[in-house]
Amino acid sequence: MSRFLCVMLLLVSGFTKAQTFSGTTGAISDDGTLTTYTVAVNGLPTGLGANHGIKSICLDITHTWDSDLDVRLVSPEGVKITLFSGLGGDGDDYTGTCLLQTAATGIVTGTPPFTGSFRPQQSIGNLNNGQDGNGTWTLEVLDTYAFADTGTLNSWSIEFGVDAPTPFVFSSSNLPIVIINTNGIEIPDEPKIDALMGIIDNGSGQVNHPSDVPNAYNGHIGIERRGSFSQGLPQKPYNLETRDEAGANLNVSLLGMPQEHDWCLLATYNDKVFVRNRLAFELFSAMGHYATRTRFCEVVLNGDYQGIYLLAEKIKRDNNRVDIAKLTPDENTGLNVTGGYIIKNDYWSDDDSWQLGFHPIDHPEVDVRLVYEYPKPADISIQQKAYIQGFIQNMETALYSSDFANPLNGYQKYLDVDSFIDYFIVNELSRNVDGFKKSWYFSKDKDSASEMAKLMAGPVWDFDWAWKNIWDCETFQATDGSGWSHLINDCGPDVSSNGWFVRLLQDPSFADRLRCRWETFRGTFLAEDALDTWIDGQAALLDEAQQRHFERWGHLGVNTGTPEIEPDPTTFEAQLDQFKNWIHLRLLWLDANIPGNSESCSLSTSIPSDTSVVAFPNPSSSVVHFRFADGVHPHRVELFDLTGKMLEAKPLEASYLNVSALAPGLYFVRFSDGITPTTVKITIAH
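Residues numbered from 1 in each chain as written. Predicted model: local features only at pLDDT ≥ 70, side-chain atom pairs only at ≥ 80, totals over all residues. Heavy atoms only, no water.

Undergrad: Sorry, what's going on with the overall build of the protein chain here?
TA: Within the protein chain, the secondary structure is distributed over 9 helices and 29 strands. Overall, the protein chain is about 100 × 60 × 55 Å in size when its C-alpha atoms are taken along their principal axes. Looking at the protein chain residue by residue over its 686 residues, the buried ones come to 54%. Within the protein chain, contacts between residues at least 6 apart in sequence are counted, and of these 69% link residues at least 24 apart. Carbon and sulfur atoms provide 51% of the accessible area of the protein chain, an area that totals close to 27,700 Å². Side chains of the protein chain give 48 positive and 87 negative charges; the mean places of these two sets differ by 4 Å. (Helix = DSSP H or I, 4+ residues; strand = E, 2+ residues; numbered from the N terminus. Buried < 20%, exposed > 50% of the residue type's maximum accessible area, 1.4 Å probe, protein only. Contact = heavy atoms within 4.5 Å. Areas by Shrake-Rupley, 256 points an atom, 1.4 Å probe, with all protein chains shown as cover. Lys, Arg positive; Asp, Glu negative; His and termini not counted. Charge placed at Lys NZ, Arg CZ, Asp CG, Glu CD.)

Undergrad: For this particular structure, what's the right way to read the packing of aromatic side chains?
TA: What describes a pair of aromatic rings is the distance from one ring centre to the other and the angle between the planes of the rings. For the structure shown, the criterion picks out 38 aromatic pairs. Pairing Phe 424 with Trp 484 gives two aromatic rings, centres 6.0 Å apart and planes at 35°, and the pair type is tilted. With Phe 424 in helix H4 (residues 417-429) and Trp 484 in the loop between helix H5 (474-477) and helix H6 (500-504), this residue pair connects regions lying 60 residues apart in the sequence. Judged by its relative accessible area of 1%, Phe 424 is buried. Ring geometry for Phe 626 and Phe 671: centres 4.9 Å apart, planes at 70°, overall edge-to-face. (Phe/Tyr/Trp six-rings, centres within 6.5 Å; stacked < 30°, edge-to-face > 60°.)

Undergrad: Teacher, can you tell me more about unusual backbone geometry here?
TA: Keep in mind that most residues, glycine aside, have a negative phi and that most peptide bonds are trans. Gly 340 follows Gly 339 through a cis peptide bond whose omega is 0°. On the secondary structure map, Gly 340 appears in the loop between strand S17 (304-313) and strand S18 (341-345). Going from Gly 458 to Pro 459, the amide bond is cis rather than trans, its omega being 5°. Mapping Pro 459 onto the fold places it in the loop between strand S22 (455-457) and H5. Even without being a glycine, Phe 274 presents a positive backbone phi close to 70°. Looking at where Phe 274 falls in the secondary structure, it is placed in the loop between strand S15 (262-267) and helix H2 (276-286).

Undergrad: Would you take a moment to explain the pattern of salt bridges for this structure?
TA: Should their charged atoms come close, side chains of opposite charge can pair. Per the stated rule, a full pass over the model turns up 38 salt bridges. Here Lys 344 ties to Asp 346 by a salt bridge, and the two come within 3.3 Å at their closest N and O atoms. Of the two residues examined, Lys 344 and Asp 346, each falls in the buried class. Connected via shared salt-bridge partners are Asp 434, Lys 437, Lys 438, Asp 462 and Asp 494. (Salt bridge = Lys/Arg side-chain N within 4 Å of Asp/Glu carboxyl O.)

Undergrad: Hey, could you run me through the pairing of strand S4 (residues 53-63) in this one?
TA: In the case of a regular strand, side chains alternate between the two sheet surfaces. When you tally the buried positions in S4, you get 8 out of 11 residues, the bulk of the element. Two strands pair when backbone bridges link them, and S4 and strand S10 (residues 151-161) are joined in this way by 10 bridges, in the antiparallel orientation. By the bridge assignment, His 63 is partnered in S10 with Gly 151. As paired elements, S4 and strand S7 (residues 94-100) share 5 bridges and run antiparallel to each other. In the sheet register, Cys 58 faces S7, and the bridge partner there is Cys 98. (Pairing = 2+ DSSP bridges.)

Undergrad: What's the story with the sheet that holds strand S13 (residues 217-225) in this structure? I'm lost.
TA: Hydrogen bonds between backbone groups are what pair the strands of a sheet, and the pairing can be parallel or antiparallel. An order of S11-S12-S13-S14-S15-S17-S16 is seen for the 7 strands of this closed barrel, with the pairing classed as mixed. Ignoring which end each strand starts from, the neighbouring axes of this sheet average 40° apart. Bridge count between S15 and S17: 5 bridges; the pairing is antiparallel. Considered in S17, the bridge of Leu 266 is made with Leu 310. Together, S15, strand S16 (294-301) and S17 form the strand contacts of H2, whose direction differs from that of S16 by roughly 155°. Those strands touched by helix H8 (residues 528-553) are S16 and S17, and its axis lies near 135° from that of S17. (Axes fitted to C-alpha atoms, helices over the stretch in contact; angles between N-to-C directions.)

Undergrad: It is not clear to me how the environment of Asn 128 should be interpreted in this structure. Could you clarify?
TA: Tracing the chain through its elements places Asn 128 in the loop between strand S8 (116-118) and strand S9 (135-143). Note on Asn 128: relative accessible area 3%, which makes it buried. Taking C-alpha positions, Asn 128 is 50 Å from Ile 343, a pair spaced 215 residues apart along the chain.

Undergrad: Any chance you could explain the sheet that holds strand S20 (residues 369-374) here in plain terms?
TA: Taken together, 5 strands build an open sheet; the order of strands is S19-S20-S18-S21-S22 and the sheet is antiparallel. Each of the sheet's edge strands pairs with one partner strand only, and the pair in question is strand S19 (353-355) and S22. Averaged over neighbouring strand pairs, the angle between their axes works out to 30° when direction is ignored. Each of S18, S19, S20, strand S21 (440-444) and S22 touches helix H3 (residues 382-399); the most contacted strand, S18, lies at about 60° to it.

Undergrad: Whenever I open this one, helix H9 (residues 572-593) confuses me. Can you help?
TA: The α-helix winds at 3.6 residues per turn, so residues separated by three or four positions along the chain end up facing the same way. Helix length check: H9, at 22 residues, gives a terminal C-alpha distance of 32 Å against a target of 32 Å (1.5 Å per residue), a fit within 8%. Buried residues along H9 sit against H2, H4, helix H7 (508-522) and H8. (Expected span 1.5 Å × (residues − 1).)

Right under this line is the structure:
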């Protein structure tokens, strides 16, 4: 045998054996900065892959609050994967923890101290992508909660060998694809950092590829993490703003939504049916109010697939969002100072809020504060603060007076009653733990010369803890659909609710109005079949992407995020069944318990205005149903786009239209009985 062949056989034989390299150790920084540890790797064959690549990463960490830790592995060429992030709650340590792709259990299902073998949150195979494994590898450890619990990396090692896992491949989607590049910079909580974003959307029914040239947006953005609880979950939510090359705000239309520069990417990690927020938004819109527009998408961040997101409008003052008057810092007198304002019941600080002059009627021991949202706390003038504080003080004075139900001088003088009723219905239907204590928005427009603008409730927001039974307090644990979420102050929440609904429901006219609107909605878009049809349409749209999403995060069948009561279903189909069954139970309980009577429903309960045809759900991405007033019997239906071009005309054979093939936007549906035509607007929002 030749000397050359002997050498080659020895090399091949050497590469079939496992090679393990141990890295540096030490204390983990507790000041919010990244701590890095390194290991020098050499002697590997060129090109990591299935024949020879990373097999496992083992580590041992002492730390007194595991969920503070984000741990990532970075290759010599800069490819990075997340091993685990935000797991273990207040548990201690990672003791003898080994991460390998063939482990039977995912790290997300483990409990401290995570002793044994687990699949990491992101596939190790992504590192075995043909890159050169020789060089300096880095373990990044970030303690996300500064100046609290501390820890030490005691040991860590990387094992290379044969039969290594291969990369996850994201090749195409029926959803728009959002690609974000931060040039390797970590996205902070704040402020926004500069990045690039491309959006690929080849149209309804078309396939999108990550390799396609971005055609729905291709430019600069500023991006930061958003949220409180949700920011601690593995899939991160983000705020972003579209910018020009100079860094200035750039108003653009994204995926058919009206032009603006402030947007959100809402993560879906805590919502395994993906529609909790979107359903609430669409219901509030169907009731005739502005609600956040959204589009499903799949996100790739710095080359790393992140799963399903909702690209959403950020709540703000804008002609196409919360449509109230613009208020500048110098508008401090007369009609000018009366609006517009956006305020909210939410997390607060002394610098961004004020304390109300009244306590909730059922909890006189509770102090309540409201937060300035628009103008921002840094921009609002002293006179403007005084005005909006005085308006709320006058409203509460009327609300808690003995004559509070007087339609002229009671609370109705200050509140837009229908918006409050509709806000109540959406948040009680979803039994939203957050709906009456945080993310509860209000707006007030500028007064006219002859009329005072009233306080509007909404837009609705933040439903990832809703539509489910959770271990929060007795109200939200009930598995029979019972319980009132507006009584959240009974649970001693972290943010106190203003409790206004407790008083409002003491007015029989308010209760009757609530009952009327509830029954009207129940006969249209809140009917069980209408809700089921809408949910099924969303599920069909997501059926392909949900498989990738759950493969990426590995938490299907595991209670992660919200502390839920029931076992977590192990399939997407079972998740949907559980979701729909929960809604059916909740509807039945509310049917029996919504106060008031419907005998006086001749009051205006239209949706949102008197019409002989009601479209629901509206907006929709799949099927739009129609309900006709008594005496209306059309036999022909015609569909038009915004330019007036007729897209379809046919005999009316069913009271619904399949609109899944239509591009997002506004359309008109005209019904005719041969004599009198009736037209209704519908919005398509995929």
